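What the coordinates show
Listed here are the chains, written in short residue letters.
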Amino acid sequence: LIMNLIINEGVSVFMVLLVGVNVALFTVTFLYYSSQEAFSYTRVMLGSGLAFARASATCVNLNCMVILLPVSRNLVSLLRGSCTCRCRVLRKQLDKNITFHRVVGYLLVFHSVVHVIAHLSNIERYHESQSTEAGELLLKLSSLGDRLNESFLNPIRTYNTTPTKEVLVNVSGLSGLVITLVLALMVTSSTEFIRRSSYEVFWFTHHFFVVFLVGLVIHGIGGIVRGQTAESLLMHNVSYCREHLDEWGDVDQCPLPHFRGSDPSWKWIIAPSLLYICERILRFTRSLQPVAITKVVTHPSNVVELQMTKTGFRMEPGQYVYLQCPAIAPLEWHPFTLTSAPEEDHFSVHVRVAGDWTAALYATYTGHQGDSRIPQLRLAVDGPFGSASRDVFRYEVSVCIAAGIGVTPFASVLKSLQYKSSNPRKAMKLQKLYFFWICRDTTAFEWFRDLLLSLEGDTTGTGRLVSFHIYLTSWDDAQARHITLHRDSQRDVVTGFREKTFFGRPNWDQEFRSIADSHPGSNIGVFLCGPKAISKVIRKMCSTHSTSTLRGVHFHFNKERF
């Protein structure tokens, strides 16, 4: 029940675990550098800046190790469909991979800011330690490394310089400056405004992550923060020697201390980097496989349907693919849900004009309906990949809610349902599906109308399983008069269905209560493809109408994410 509450509130268990690991790792590392004897002299020079810098650096390494995993689409899809990941809860966590990626990014930015602030303080203290007013111990420590066979503690070798200059001439400082600027550029270009208005900017700047990771490795090699070696600690008694500076190097109890830098960062990121390289190789290999466009259908509301074939392509209902058209944009990949069923001899996507890329694709294929004169621009297809709506058939009762073009994931589901229900030899767990579609205008219904009519007309199969609820949220005076005039018609004047169209927005509280009353004691899957505003409402309804007892009705919220 606790796990179900976490899921319905939209919080991923992986996210909670990640934040907890970050807090624990930061705390343990901070305490380690605050008390470890090997860094006694370093703490004298840097104070608490040492612990803050090292604790945040460790968390930066951790998050860099994790951040590539959720965007490895093939890995996520493999885990989601593997035999070891049949648990509903685990599949839901994997559906939130992009959200998880963003959370990792926020943590990475937070720890990077802490790290930068700590090192700005450290550089200043390194510089002040070379001042004649610094004190005898600091001056003694800062002088180490001036002679042969000595290792330094203070990377700033003279007071006759500036901290800014030392940052620019030091490997760690210069690489740190570069990766900080790269991170700032990636973060600022990842806002929703930039992604929607100029996807190319987002795409290009996000791929600077390669520069960031390489710079991170170089940054760690510099070893600007150093601690005493284990061998030196055995011979050099810190408690005694720090009070007898004049005996350093002259007595056996106080040999000159030796220092070294921290372990390099590449150990953290080598495994996920290799995994991501394999991911990109697989994507590239897939993109080279030829795709044939067999049919183009132009629909109302600036929607074009592309029917395609590809050797070895296998799909499941509710999956999605990434499309690339080199003639339009050679580096851009865009996600589209598959609107065909696995039982068909082709796979298809419906593309609505929503930007420069989709507008160019629509303009290329508009007017080329049927099988003749289809422009044979090269299309690359990567996928298919799993999504939440794949699980519609895993419940006895499912609720599919679509807003506008968000109906596309359910086109594949409904088509597959029609094929499955017409084949009595195939056992199917799903016994009832409630389909809600909310649109602003009547033209949005037109391209999906033929499929829904065929489903409604199948009175022995799909028509018995599916309950349609279609809502129109906007209309003009002429439409209102026409609707009023034909209100007594047997078929709906807007859609042509037997089921009448509802006007306005659904009363979700009433709808969920009705479904709960009709299916007591059931686990009901709720699948949404729509904007954030309706997502919050549906998630709340799932939580409100789920009972607290194990044998009661439970609504399980699922949302399409790309």
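Residues numbered from 1 in each chain as written. Predicted model: local features only at pLDDT ≥ 70, side-chain atom pairs only at ≥ 80, totals over all residues. Heavy atoms only, no water.

Together, L168, V169, L174, L177, V178, L181, L185, F208 and V211 line one region of the surface with nonpolar side chains, adding up to about 740 Å² of accessible area. At five residues, helix α10 (residues 171–188) tops the list of elements feeding residues into the nonpolar patch. For F208, a relative accessible area of 34% translates into the label partly exposed. (Patch = residues over 30% accessible without salt bridge, like charges linked within 9 Å, V, L, I, M, F, W, Y side chains within 5 Å. Areas by Shrake-Rupley, 256 points an atom, 1.4 Å probe, with all protein chains shown as cover. Salt bridge = Lys/Arg side-chain N within 4 Å of Asp/Glu carboxyl O. Helix = DSSP H or I, 4+ residues; strand = E, 2+ residues; numbered from the N terminus. Buried < 20%, exposed > 50% of the residue type's maximum accessible area, 1.4 Å probe, protein only.)

On to the pairing of strand β9 (residues 397–403). Summarising burial for β9: six of the seven residues are buried, a large majority. Pairing geometry for β9 and strand β10 (residues 432–439), over seven bridges, is parallel. Of the residues in β10, the one forming a bridge with A403 is I438. Where β9 and strand β13 (residues 523–529) come together, six bridges link them in parallel fashion. Of the residues in β13, the one forming a bridge with C400 is F527. (Pairing = 2+ DSSP bridges.)

Running from N to C, helix α2 (residues 13–35) and helix α7 (residues 97–128) cross one another at 20 degrees; their axes reach a closest spacing of 10 Å. Taken together, α2 and α7 sit at an angle that is classed as roughly parallel. For the pair α2 and α7, the sense of crossing is right-handed. For the pair α2 and α7, the contacting residues are F14, M15, L18, V19, N22 and F26 in the first and T99, F100, V103, V104, L107 and H111 in the second. Grouping the amino acids of the contact of α2 with α7 by side-chain chemistry returns nine nonpolar, three polar and no charged. (Axes fitted to C-alpha atoms, helices over the stretch in contact; angles between N-to-C directions. Parallel < 35°, antiparallel > 145°, perpendicular 65-115°, else oblique. Left-handed = near helix turned anticlockwise from the far one by under 90°. Contact = heavy atoms within 4.5 Å. Nonpolar A, V, L, I, M, F, W, Y, C, P; charged D, E, K, R; others polar.)

Here we take up the packing of aromatic side chains. The way to describe two aromatic rings as a pair is by their centre distance and the angle between their planes. Counted according to the given criterion, the structure contains 20 aromatic pairs. With 5.8 Å between their ring centres and 75 degrees between their planes, Y395 and F527 make a pair best called edge-to-face. Residue Y395 is found in the loop between β8 (380–385) and β9, and its partner F527 is found in strand β13; the two are separated by 132 residues along the sequence. Y395 gets classed as buried once you look at its relative accessible area, which sits at 2%. F527 sits in the buried class, given a relative accessible area of 1%. One aromatic cluster is present, formed by F436, W508, F512 and F555 through successive ring pairs. Against the face of Y322 rests R73, its NZ or CZ located 3.7 Å from the ring centre. (Phe/Tyr/Trp six-rings, centres within 6.5 Å; stacked < 30°, edge-to-face > 60°. Lys NZ or Arg CZ within 6 Å of the ring centre and 35° of its normal.)

On to the confidence of the model for the chain. Here the chain averages 81 in pLDDT, and 84% of its residues register 70 or above. Of all helices and strands in the chain, the one with the weakest mean pLDDT is helix α1 (residues 2–8) (41), whereas helix α4 (residues 49–66) scores best (92). Within the model, pLDDT remains below 50 along residues 1–10, and this stretch shows 23 contacts once partners closer than five positions in the same chain are excluded. (pLDDT = per-residue confidence, 0-100.)

This part takes up the sheet that holds strand β3 (residues 292–299). An order of β3-β4-β7 is seen for the three strands of this open sheet, with the pairing classed as antiparallel. Looking along the sheet, the strands with just one partner apiece sit at the ends: β3 and β7 (347–352). The sheet shows a mean angle of 20 degrees between the axes of neighbouring strands, taken without regard to direction.

It is worth spelling out the pattern of salt bridges at this point. Scanning the model with the defined rule gives four salt bridges in all. The partner of R286 in a salt bridge is D382, with the nearest N and O atoms 3.2 Å apart. Pair noted here: R286 is in helix α16 (residues 266–287) and D382 is in strand β8, with a separation of 96 residues, a long-range link. Between D509 and R513 there is a salt bridge, and its shortest N-O distance comes to 2.4 Å. Of the two residues, D509 and R513 both sit in helix α22 (residues 508–518), four residues apart, roughly one turn of that helix. Judged by its relative accessible area of 27%, D509 falls in the partly exposed class.

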